[in-house]
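# Coordinate inspection notes
For reference, the chains in residue letters:
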Amino acid sequence: MTSTKGAHPLPSTSTPRVNAACTDADVSESLVNLKTACVDLYFLHRDDEHVPVAVIMDALNRHCARGELNLLGASNWSARRIYQANDYCVQHGMRGFDVSQICFNLMRPTPTMLGDETLVSMTAEEESVYRDLGMPIMAFTAQAGGFVSKFINVPDAQIISRYASPRNLRRLERIRMLCRDTGLSPTEVTLGYLYGQTLRVIPVTSVSSTAQMDDVIASSSAVLTPEQIAWIDGN
């Protein structure tokens, strides 16, 4: 299965590139680079709320009609905008977004914490709209940059500075207690939190060693209960 993204600002500029011309250019470049006639899952990496969803979805669907794109994904789009885009597509018999990528982990980081205001993070408001959408979510930063494991085991100054808010430190203490009481590893609790959501969540993970890979694989069966999730989420 092939998957790639377009519509990201160029490295030298922050100018949005979410428009028909950039979509055409990015899709064509991806087909050449991937040596394929069709991308199975194509994401728009960013949104530009100044551009009507009709313009964006019309552009994507021209490529779908030509057989160049199959499934469509939104990355760092608000759930509200995805809802608007998919509603437009339903009304016009077009392909809407099939999946969304959003920043989502048990530390509930904000774009400000992560240093990038173009990111979209999971909030109570986002959750409410996703329940109406019924759409699967690919949660990036699923492991919070390894914050839980690193803080508990080997503190990392950069990661701590990004996530160590008073609220998250209170959560961290609960996670530490949960690891102690259940025998789960910090990674199992971190990913089990996402697996246990009532939303359909697919954690996006990364590893730098076989030991970390083993931990991530083990986490696939570590689903936290609603009570454990509510305890972590408590104020």
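Up top you'll find the structure we're talking about.
A brief structural summary. These numbers come from a predicted model, not from an experiment.

## Thoughts on the packing of aromatic side chains
Throughout the structure, instances matching the rule amount to one aromatic pair. Taking the centre distance of 4.9 Å and the plane angle of 65° together, the rings of Trp-77 and Phe-97 count as edge-to-face. Of the two residues, Trp-77 is situated in the loop between strand S3 (69–75) and helix H3 (79–91) and Phe-97 in the loop between H3 and strand S4 (99–103); the sequence distance between them amounts to 20 residues. Each member of the pair, Trp-77 as well as Phe-97, carries the same accessibility label: buried.

## Describing the sheet that holds strand S5 (residues 137–140)
Strand order in the open sheet made by the six strands is S1-S2-S3-S4-S5-S6, with parallel pairing throughout. Each edge of the sheet is formed by a strand with only one pairing partner; in this case those strands are strand S1 (3–6) and strand S6 (201–203). This sheet shows a mean twist of 30° between the axes of neighbouring strands, independent of strand direction. With three bridges connecting them, S5 and S6 associate as parallel partners. Its bridge partner being in S6, Ile-137 is matched across the sheet by Val-201.

## A few points about the packing of helix H2 (residues 53–65) against H3
It is the contact of H2 with H3, at a shortest axis distance of 9 Å, that shows an interaxial angle of 60°. It follows from the interaxial angle that H2 and H3 lie oblique. In the crossing of H2 with H3, the sense of the turn from one axis to the other is right-handed. Contacts between H2 and H3 involve Val-53, Ala-54, Ile-56, Met-57, Asp-58 and Asn-61 from the first element and Arg-81, Gln-84, Ala-85, Tyr-88 and Cys-89 from the second.

## A word on the pairing of S5
Residues Ile-137 and Ala-139 line one face of S5 and the alternating positions Met-138 and Phe-140 line the opposite face, and both faces are buried. Pairing of S4 with S5, which is carried by four bridges, proceeds in the parallel orientation. Bridge pairing links Cys-103 to Phe-140 in S5.

## Here we look at the side chain of Gln-101
Mapped onto the elements of the fold, Gln-101 is located in strand S4. For Gln-101, the residues in contact, after removing those within four places along its chain, are Lys-5, Phe-43, Ala-74, Ser-75, Asn-76, Met-138 and Phe-140.

## A few points about the pairing of S1
Pairing of S1 with strand S2 (residues 39–44) involves four bridges; the strand directions are parallel. Pairing of Gly-6 across the sheet is with Leu-44, part of S2.

## Overview of the environment of Met-135
Here Met-135 is to be found in the loop between helix H5 (124–133) and S5. Accessibility expressed as a relative area gives 6% for Met-135, which makes it buried. Here the alpha-carbon distance between Met-135 and Val-53, two residues 82 residues apart in the chain, equals 18 Å. When residues no more than four places from it in sequence are discounted, the contact partners of Met-135 are Ile-82, Asn-86, Phe-97, Asp-98, Val-99, Ser-100, Tyr-130 and Arg-200.

## Some words on the pattern of salt bridges
By the definition in use, this model includes 11 salt bridges. When the shortest N-O distance is used, the salt bridge between Asp-98 and Arg-95 registers 2.6 Å. For Asp-98, a relative accessible area of 26% corresponds to the partly exposed category. Judged by relative accessible area, Arg-95 falls into the partly exposed class, the value being 31%. Among the ionic pairs, Glu-127 bridges to Arg-131, the shortest N-O distance being 3.0 Å. Residue Glu-127 and its partner Arg-131 are located together in helix H5, separated by four residues, close to a single helical turn. Judged by relative accessible area, Arg-131 falls into the partly exposed class, the value being 43%. Put simply, Arg-108, Glu-127 and Arg-131 are held in one network by salt bridges that share partners.

## A look at the nonpolar core
Residues Met-57, Leu-60, Trp-77, Phe-97 and Met-107 are the most contacted members of the largest nonpolar core, which totals 57 residues. Discounting residues that sit within four places of it in the chain, Leu-60 has contacts with Thr-23, Tyr-42, Leu-44, Leu-69, Leu-72 and Phe-97.

About the criteria used
- Residues numbered from 1 in each chain as written.
- Predicted model: local features only at pLDDT ≥ 70, side-chain atom pairs only at ≥ 80, totals over all residues.
- Heavy atoms only, no water.
- Phe/Tyr/Trp six-rings, centres within 6.5 Å; stacked < 30°, edge-to-face > 60°.
- Helix = DSSP H or I, 4+ residues; strand = E, 2+ residues; numbered from the N terminus.
- Buried < 20%, exposed > 50% of the residue type's maximum accessible area, 1.4 Å probe, protein only.
- Pairing = 2+ DSSP bridges.
- Axes fitted to C-alpha atoms, helices over the stretch in contact; angles between N-to-C directions.
- Parallel < 35°, antiparallel > 145°, perpendicular 65-115°, else oblique.
- Left-handed = near helix turned anticlockwise from the far one by under 90°.
- Contact = heavy atoms within 4.5 Å.
- Salt bridge = Lys/Arg side-chain N within 4 Å of Asp/Glu carboxyl O.
- Core = buried A, V, L, I, M, F, W, Y, C linked by side-chain atoms within 4.5 Å.

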